[in-house]
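Tertiary structure, described
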Amino acid sequence: MEQREITEILNRPISQELLARDLTRLAYVAKDGTPRNIPIAFTWNGSEIVLCTTENAPKLPSLRHNPDVALTIDTEVHPPKILLIRGRAELDVVDDIPQEYLQMNGSYEMTPEQRVAWEAEIRSLYDGMVRIVITPTWVKLIDFETTLPTAIEELIRRRAERESA
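Everything numeric in this text was worked out from a predicted model, so none of it was measured.

Below, the discussion takes up the environment of Ile9. Within the fold, Ile9 resides in helix α1 (residues 3–10). Among the residues examined, Ile9 registers a relative accessible area of 11% and is labelled buried. Separated by 74 residues in sequence, Ile9 and Leu83 have C-alpha atoms that sit 9.4 Å apart.

Below, the structure written as structure tokens:
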């Protein structure tokens, strides 16, 4: 998929709405060769998805071994809005709490006092974190109004061909 196509899809209003959500599902291949799919907080910086995790997270050896990942960001209403993203994970070990981690957890409902206590707890617990940076190499937006899953698009095309024959 060409970068201009990726940019056009990610700049659509529905994509921007989904990229502003709190959670994505990260799919990757574990070291034992089996798939994993985990919910994880994220932030979008305009060109990359940034996830943050502990330095001892079990997913890190897997991502070092095979950095290919897939993300799903979706809604819980009907019809769902779904943003599918594929890319490669780059791991960036940092000695502090990444600003992105504090941002991605900023939308949870906390009083200012709870927020101060939460951040103090985080800073006392973590010596550092790992930023997982994913640059999209493929994207698909499905909103069931202007875009559909590829298989459904194919069925519609086949039906139209049958009806016109």
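Once the structure has been displayed, the description carries forward.
Alternating positions in strand β1 (residues 23–29) separate cleanly, Thr24, Leu26 and Tyr28 being buried on one face and Leu23, Arg25, Ala27 and Val29 remaining unburied on the opposite face. Relative to strand β2 (residues 35–41), β1 runs antiparallel, the two sharing seven bridges. Across the sheet, the residue bridging to Val29 is Pro35, located in β2. Hairpin connection between β1 and β2: a loop of five residues separates the two successive antiparallel strands, and Gly33 in this loop has a positive phi of roughly 90°. In this structure, β1 lies alongside strand β5 (residues 68–74), joined through three bridges in antiparallel fashion. If you follow Arg25 over to β5, its bridge partner there is Thr72.

Next up on the list: a nonpolar patch on the surface. A cluster of nonpolar residues, Ile152, Leu155 and Ile156, forms a patch on the protein surface that exposes about 240 Å² of accessible area. Along the polypeptide, Ile156 turns up in helix α6 (residues 150–164). Ile156 sits in the partly exposed class, given a relative accessible area of 37%.

The subject of this paragraph is the sheet that holds strand β7 (residues 129–142). Here we have seven strands laid out as an open sheet, ordered β2-β1-β5-β6-β7-β4-β3, and antiparallel in their pairing. At either end of the open sheet lies a strand with only one pairing partner, and these are β2 and β3 (43–44). As judged from the six bridges shared by strand β4 (residues 49–54) and β7, these two strands associate in the antiparallel manner. For Cys52, the partnering residue across the bridge sits in β7 and is Arg131. In the packing of α1 onto the sheet, contacts are made with β3, β6 (82–94) and β7, and the angle to β7 comes to roughly 90°.

Thresholds applied
Residues numbered from 1 in each chain as written. Predicted model: local features only at pLDDT ≥ 70, side-chain atom pairs only at ≥ 80, totals over all residues. Heavy atoms only, no water. Helix = DSSP H or I, 4+ residues; strand = E, 2+ residues; numbered from the N terminus. Buried < 20%, exposed > 50% of the residue type's maximum accessible area, 1.4 Å probe, protein only. Pairing = 2+ DSSP bridges. Patch = residues over 30% accessible without salt bridge, like charges linked within 9 Å, V, L, I, M, F, W, Y side chains within 5 Å. Areas by Shrake-Rupley, 256 points an atom, 1.4 Å probe, with all protein chains shown as cover. Salt bridge = Lys/Arg side-chain N within 4 Å of Asp/Glu carboxyl O. Contact = heavy atoms within 4.5 Å. Axes fitted to C-alpha atoms, helices over the stretch in contact; angles between N-to-C directions.

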